[in-house]
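Survey of secondary and tertiary structure
The lines below spell out each chain.
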Amino acid sequence: MLAIDRVMRSSEAVQARKQASYIQHERTLFSALRERWPEPERETGLRLIAMLAIGAMRLSFDALSRENGKRPIAELLYETFGALQVVTPEGR
């Protein structure tokens, strides 16, 4: 996986395609979330969740590549998704 990532990062055309695939993943996840929660007032929140989830996955895979696979992807995903904690004004 790391070798494939290096090859992909070496080509601007492949990078552009990879970026487009992330957008498609966001749309697919958003669509699945909308099926579960179809209420119109949830649309913005569900779209945000889809974007954050795919973004967190991207960051995790970037870290995997940057660290040359030293930590398991599950650990990186856990760490990255953990950064999405919501802090309320009361500090919770």
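Coordinates for the structure precede this section.
I will try to describe carefully the structure that is included in this document. (Residues numbered from 1 in each chain as written. Predicted model: local features only at pLDDT ≥ 70, side-chain atom pairs only at ≥ 80, totals over all residues. Heavy atoms only, no water.)

**Concerning the overall build of the protein chain**
Scanning the protein chain from N- to C-terminus turns up four helices and zero strands. Going from N to C terminus, the protein chain has its helices and strands arranged as α-α-α-α. Computed over the C-alpha atoms, the radius of gyration of the protein chain is 16 Å, more than 25% above the 12 Å expected from 2.2 N^0.38 for a compact globule of 92 residues. Principal-axis analysis of the C-alpha atoms places the extent of the protein chain at approximately 40 × 30 × 20 Å. Of all 92 residues assigned to the protein chain, the portion counted as buried reaches 20%. (Helix = DSSP H or I, 4+ residues; strand = E, 2+ residues; numbered from the N terminus. Rg over C-alpha atoms; globule rule 2.2 N^0.38 Å. Buried < 20%, exposed > 50% of the residue type's maximum accessible area, 1.4 Å probe, protein only.)

**Describing the environment of Y22**
Its location among the elements puts Y22 in helix 2 (residues 12–36). When its relative accessible area of 14% is taken as the criterion, Y22 is described as buried. Setting aside anything within four residues of it in sequence, one finds Y22 in contact with I54 and R58. (Contact = heavy atoms within 4.5 Å.)

**With respect to the side chain of S60**
Counting through the fold element by element, S60 comes out in helix 3 (residues 43–66). A polar contact of 3.3 Å, which involves the side chain of S60, links it to the backbone oxygen of L76. Apart from residues no more than four positions distant in its own chain, S60 is found in contact with I73, L76, L77 and T80. (Polar contact = N/O pair within 3.5 Å; in protein donor to acceptor, adjacent residues only side chain to side chain.)

**Observations concerning the pattern of salt bridges**
Scanning all chains against the criterion turns up five salt bridges. Across the pair E79 and R71 runs a salt bridge whose closest N-O atoms are separated by 2.8 Å. Each of the salt bridges in this network shares a partner with another, and the network as a whole consists of E67, R71, E75 and E79. (Salt bridge = Lys/Arg side-chain N within 4 Å of Asp/Glu carboxyl O.)

**With respect to the environment of H25**
Relative to the assigned elements, H25 resides in helix 2. Assessed through its relative accessible area of 43%, H25 is described here as partly exposed. Measuring from C-alpha to C-alpha, the distance between H25 and T44 comes to 17 Å, with 19 residues separating the pair along the chain.

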